[in-house]
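Examining the three-dimensional arrangement
One-letter residues, chain by chain:
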Protein chains: 2
Amino acid sequence: MTSEADLGPRLSRRLAYLLKRAMVDLDTLHEQHLRPFGITARELAVLLFLDGREPESQQQAAAHLGVDRTTMVGLLDALEGKDLVARRPDVEDRRRNVIVLTDTGQATLRKAMRASDAAERQLLAELDDREAAQLRELLKRVTSGRA
Amino acid sequence: MTSEADLGPRLSRRLAYLLKRAMVDLDTLHEQHLRPFGITARELAVLLFLDGREPESQQQAAAHLGVDRTTMVGLLDALEGKDLVARRPDVEDRRRNVIVLTDTGQATLRKAMRASDAAERQLLAELDDREAAQLRELLKRVTSGRA
DNA sequence: TATTGTTATACTCTATAACTATA
DNA sequence: TATAGTTATAGAGTATAACAATA
């Protein structure tokens, strides 16, 4: 999926290679599984983030998601164009837009999350349930150390 | 390192997030640890790849590494400019350049690999040796399924 | 005619600067 | 004066097309 030929063990055992390879493969799987819903993995992440929160302004959401506010504009343009989110003027500060999921957004989120779960399962197809949980747990500990 | 604020458990437990986060963190660590040697993680990968092989043409190397041949030109320009690799005209097919590590390239490779090992150890600082090996093994099995 | 290395061009992604409307 | 959203612009990074030398 990433490379067709052998890189040799010295390179293919490096952590950077293994992580990148897994990420690229998961990206490809997400692309396949999310295609029916017309959204990208990144857009799904935005929907999932908005769903679990009190309504926030564009900039608050952008800061939390770690994207630039100018990038957020385009991201929301796309999602709004698909009627998955709505921008509502903030009544208390009319400079701000409050971002909310539409009903369609809610429904799409539920279905797309099942598709994403399927993509993850396919990535981990070689592992049994205990090993899959172990991998997730180890990765979580690795990243949380530098929260 | 990646995000300053909490994303909520629904998002921060996704495999895509965990993998990307680990990769970005490792990139940052590599940047720090490799700075003294004046090379990037990607350039180190090229050096490591060349070291374990019979001399190959630019295109063969590019294909193995999964980069475009036009991208390879710039990559080798940079490495050649630092006197880490050399292009030698292939005596049997004068269209080709054979790529070899210079002595400086060999020495830099050895030192940079130790730095890369240190970057990996720092990424996995929260894990003990057994867990670190486990993570590596699980990732290897995940990716090798789609070789 | 096809292929290697190269250069020129275009495309994507993202960030910086500038504009507007509100505060 | 400062801030939220937006737009315009510029910068990396990479891919496609075109070119010169060689096969």
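Everything in this summary refers to the structure shown in the same document. (Residues numbered from 1 in each chain as written. Chains lettered and ligands numbered in written order. Predicted model: local features only at pLDDT ≥ 70, side-chain atom pairs only at ≥ 80, totals over all residues. Heavy atoms only, no water.)

Concerning the protein's contact with DNA strand D
Taken together, 18 residues lie around DNA strand D, and A:Gln58, A:Gln59, A:Arg69, A:Arg95 and B:Arg42 are the ones closest in. A breakdown of the atoms of DNA strand D within 4 Å of the protein gives sugar and phosphate a share of 64%. In the model, a phosphate oxygen of DNA strand D is placed 2.9 Å from a nitrogen or oxygen of the B:Arg42 side chain. B:Arg94 has a polar backbone atom sitting 3.0 Å from a phosphate oxygen of DNA strand D. Every element with two or more residues in the surface near DNA strand D is listed here: helix H4 (58–65) and helix H5 (69–81) of chain A together with helix H5 (69–81) of chain B. Its residues assigned to classes, the surface near DNA strand D shows one nonpolar, seven polar and ten charged. (Near = heavy atom within 4 Å. Polar contact = N/O pair within 3.5 Å; in protein donor to acceptor, adjacent residues only side chain to side chain. Helix = DSSP H or I, 4+ residues; strand = E, 2+ residues; numbered from the N terminus. Nonpolar A, V, L, I, M, F, W, Y, C, P; charged D, E, K, R; others polar.)

Looking at the environment of A:His30
Tracing the backbone through its elements, the reader meets A:His30 in helix H2 (residues 15–34). The spatial distance from the C-alpha of A:His30 to the C-alpha of A:Thr143 is 22 Å, given a sequence separation of 113 residues. Setting aside residues no more than four positions away along its own chain, A:His30 makes contact with A:Arg35, A:Ala41, A:Ser116, A:Ala119 and B:Ala16. (Contact = heavy atoms within 4.5 Å.)

Some points on the interface of chain A and chain B
Counting from both sides, the interface comprises 53 residues of chain A and, opposite them, 53 residues of chain B. Buried surface at the junction of chain A and chain B, summed over both partners, amounts to about 5400 Å²; 63% is from carbon and sulfur atoms. On the chain A side of the contact with chain B, A:Arg14, A:Leu15 and A:Arg146 bury the most area, a combined 14% of that side's loss. For the pair chain A and chain B, the number of links is eight salt bridges. Across the salt bridge formed by A:Asp117 and B:Arg14, the nearest N and O atoms sit 2.9 Å from each other. Where chain A meets chain B, there are 17 residue pairs in polar contact (both at pLDDT 80 or more). (Buried area = accessible area lost by both parts, 1.4 Å probe. Salt bridge = Lys/Arg side-chain N within 4 Å of Asp/Glu carboxyl O.)

Considering the protein's contact with DNA strand C
Around DNA strand C, the surrounding shell holds 18 residues, and the nearest of these are A:Arg42, B:Gln58, B:Gln59, B:Arg69 and B:Thr70. At 3.0 Å, a side-chain N or O of B:Arg95 approaches a base oxygen of DNA strand C. One of the backbone N or O atoms of B:Asn97 is found 3.1 Å from a phosphate oxygen in DNA strand C. Residues of the surface near DNA strand C, tallied by class, amount to one nonpolar, seven polar and ten charged.

Thoughts on the sheet that holds strand S2 (residues 85–89) of chain A
Residues and elements named next belong to chain A. Strand order across the open sheet formed by three strands is S1-S3-S2, with antiparallel pairing between neighbours. Only two strands of the sheet have a single partner each, and these edge strands are strand S1 (56–57) and S2. In the sheet, S1 pairs with strand S3 (residues 97–101) via two bridges, with the strands oriented antiparallel. Pairing of Glu-56 across the sheet is with Ile-99, part of S3. Strand contacts of H5: S2 and S3, with the helix running at about 115° to S2, the strand carrying the most contacts. (Pairing = 2+ DSSP bridges. Axes fitted to C-alpha atoms, helices over the stretch in contact; angles between N-to-C directions.)

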